[in-house]
Amino acid sequence: MNMAGKTVLITGSTDGVGRYVAGQLAADGARMLIHGRDTSRAKALTDEIVRAGHPAPTFYQADLASLAGVRELADAVLADHSRLDVLVSNAGIGSRTSGPERRNSADGHELRFAVNYLAGFLLAYRLLPLLKAAAPSRIVNVASLGQHPIDFDDVMITRNYDGSRAYAQSKLAQIMFTIDLAEELKGSGVTVNALHPATYMNTTMVREGGIAPISTVEKGGEAILRLISGDDVAGKSGLFFNGLHEARAHPQAYDVAARQRLRALSLELAGLSSV
Ligand SMILES: NC(=O)c1ccc[n+]([C@@H]2O[C@H](COP(=O)([O-])OP(=O)(O)OC[C@H]3O[C@@H](n4cnc5c(N)ncnc54)[C@H](OP(=O)(O)O)[C@@H]3O)[C@@H](O)[C@H]2O)c1
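The text that follows walks through the structure, step by step, so that each part is easy to find. Everything numeric in this text was worked out from a predicted model, so none of it was measured.

Conventions and cut-offs
Residues numbered from 1 in each chain as written. Predicted model: local features only at pLDDT ≥ 70, side-chain atom pairs only at ≥ 80, totals over all residues. Heavy atoms only, no water. Helix = DSSP H or I, 4+ residues; strand = E, 2+ residues; numbered from the N terminus. Rg over C-alpha atoms; globule rule 2.2 N^0.38 Å. Buried < 20%, exposed > 50% of the residue type's maximum accessible area, 1.4 Å probe, protein only. Contact = heavy atoms within 4.5 Å. Areas by Shrake-Rupley, 256 points an atom, 1.4 Å probe, with all protein chains shown as cover. Lys, Arg positive; Asp, Glu negative; His and termini not counted. Charge placed at Lys NZ, Arg CZ, Asp CG, Glu CD. Polar contact = N/O pair within 3.5 Å; in protein donor to acceptor, adjacent residues only side chain to side chain. Near = heavy atom within 4 Å. Nonpolar A, V, L, I, M, F, W, Y, C, P; charged D, E, K, R; others polar. Right-handed = clockwise from strand over helix to strand, strands pointing away. Pairing = 2+ DSSP bridges.

1. What to know about the overall build of the protein chain
- Broken down by element type, the protein chain carries 8 helices and 8 strands.
- In summary, the protein chain has a C-alpha radius of gyration of 17 Å against a globular reference of 19 Å for 275 residues, a match within 12%.
- C-alpha extents for the protein chain along the principal axes are approximately 50 × 45 × 35 Å.
- Taking all 275 residues of the protein chain together, the buried fraction comes to 56%.
- Partitioning the intrachain contacts of the protein chain with sequence separation of at least 6 by distance along the chain shows that 72% fall at a separation of at least 24.
- Accessible surface, the protein chain: about 11,400 Å² in total, of which carbon and sulfur atoms supply 49%.
- When the 28 positive and 28 negative side-chain charges of the protein chain are each reduced to one mean point, those points stand 2 Å apart.

2. Considering the environment of threonine 11
- The residue threonine 11 is located in the loop between strand 1 (7–10) and helix 1 (16–27) in this model.
- By relative accessible area, which is 2% here, threonine 11 ends up buried.
- Here the alpha-carbon distance between threonine 11 and alanine 212, two residues 201 residues apart in the chain, equals 25 Å.
- When residues no more than four places from it in sequence are discounted, the contact partners of threonine 11 are His35, Leu64, Val88, Ser89, Asn90, Ala91 and Leu123.
- Within polar-contact distance, the side chain of threonine 11 engages the backbone nitrogen of alanine 91 at 3.0 Å.

3. Some remarks on the site of the ligand
- Taken together, 34 residues form the shell around the ligand, and within it Thr14, Arg37, Tyr167, Met201 and Thr203 come nearest.
- Residue glycine 16 places a main-chain N or O atom 3.4 Å away from an oxygen atom belonging to the ligand.
- The contact in question runs from an oxygen atom of the ligand to an N or O atom on the backbone of methionine 201, over 2.7 Å.
- Relative to its unbound accessible surface of 900 Å², the ligand loses 96% to contact with the protein.
- Those elements that provide at least two residues to the shell around the ligand are helix 1, helix 5 (163–184) and helix 6 (204–208).
- The element best represented in the shell around the ligand is helix 6, accounting for 3 residues.
- Taken together, the residues that form the shell around the ligand break down as 16 nonpolar, 12 polar and 6 charged.

4. A look at the pairing of strand 6 (residues 190–196)
- Counting buried residues in strand 6 gives 7 out of 7 residues, a clear majority hidden from the surface.
- Handedness of the β-α-β unit built from strand 5 (residues 137–142), helix 5 and strand 6 comes out right-handed.
- As judged from the 3 bridges shared by strand 6 and strand 7 (residues 240–242), these two strands associate in the parallel manner. Within the sheet, the bridge partner assigned to leucine 195 lies in strand 7 and is phenylalanine 241.

5. Considering the side chain of serine 144
- Within the element layout of this structure, serine 144 appears in the loop between strand 5 and helix 5.
- Assessed through its relative accessible area of 8%, serine 144 is described here as buried.
- Among the polar contacts listed, one links the side chain of serine 144 to the backbone nitrogen of glycine 146, at a separation of 2.9 Å.
- Not counting chain neighbours up to four residues away, the residues in contact with serine 144 comprise Tyr167, Lys171, Ile175, Leu195, His196 and Phe240.

So this is what it looks like as structure tokens:
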């Protein structure tokens, strides 16, 4: 897909692999909508893009640890645009970001589930009218190979909390949502895929976790860019990729009943009674 003139929103594009992808797409002529919490990091990226001779991106500031923040982000994008060619749900926190202990979102949900999964779930539904208006259009969910099955008796992990499990649960939830949404969007021209970009890229999340990086944002960025614009994945939907290769996710992702339970719970938590 030629990205010139396409409108692309990437959550969490003020840092890490999202920042890299935003810069690459701006260079390809896309109209970039960047998002994060920090205005100075957004300004640094904007300056870099403009210095390179590309149009300034539009910055949307929102804290995805609050569903009100997600709604405000969606409302701002809906107010400014009539179409969206690509939505990349990339913002996330790691298993040790700000410490490995259990924390709640503003809405009282387990924080990693809220930021890494539920925010992208709500944002995708709120922005579907714009994506449908731009069809063929794409949603890319940046998940991970780290996946842990959801215990539906304790989704918020109130017992035996572990940051790695919480992170991996949120990442599997993204993949389950991807498969579920792809079914729902069949025939609409909107495709949705998920991926593990690369392992331990050199990003804030990885460094905060005390992990020595073993790959680059360029490597993970290439895999994300391929799902955004690759002609070879045009029309493909509901798939999980490990880097550039299609892969199997955790078996729970293919459990229809589990996906239905997650969908019902997510609609309720996100305040979307029916979609
Ligand atoms: N790094 C890896 O090796 C790796 C491997 C597999 C998957 N992934 C996935 O790749 C994605 C990007 O990760 P990264 O490694 O690039 O991380 P990163 O450098 O830590 O960047 C994370 C981004 O998410 C944003 N963010 C975090 N919490 C937020 C919140 N509450 N509200 C709004 N924005 C928030 C950050 O915004 P601020 O600038 O405001 O902090 C930042 O832009 C994540 O979904 C991650 O799970 C990464």
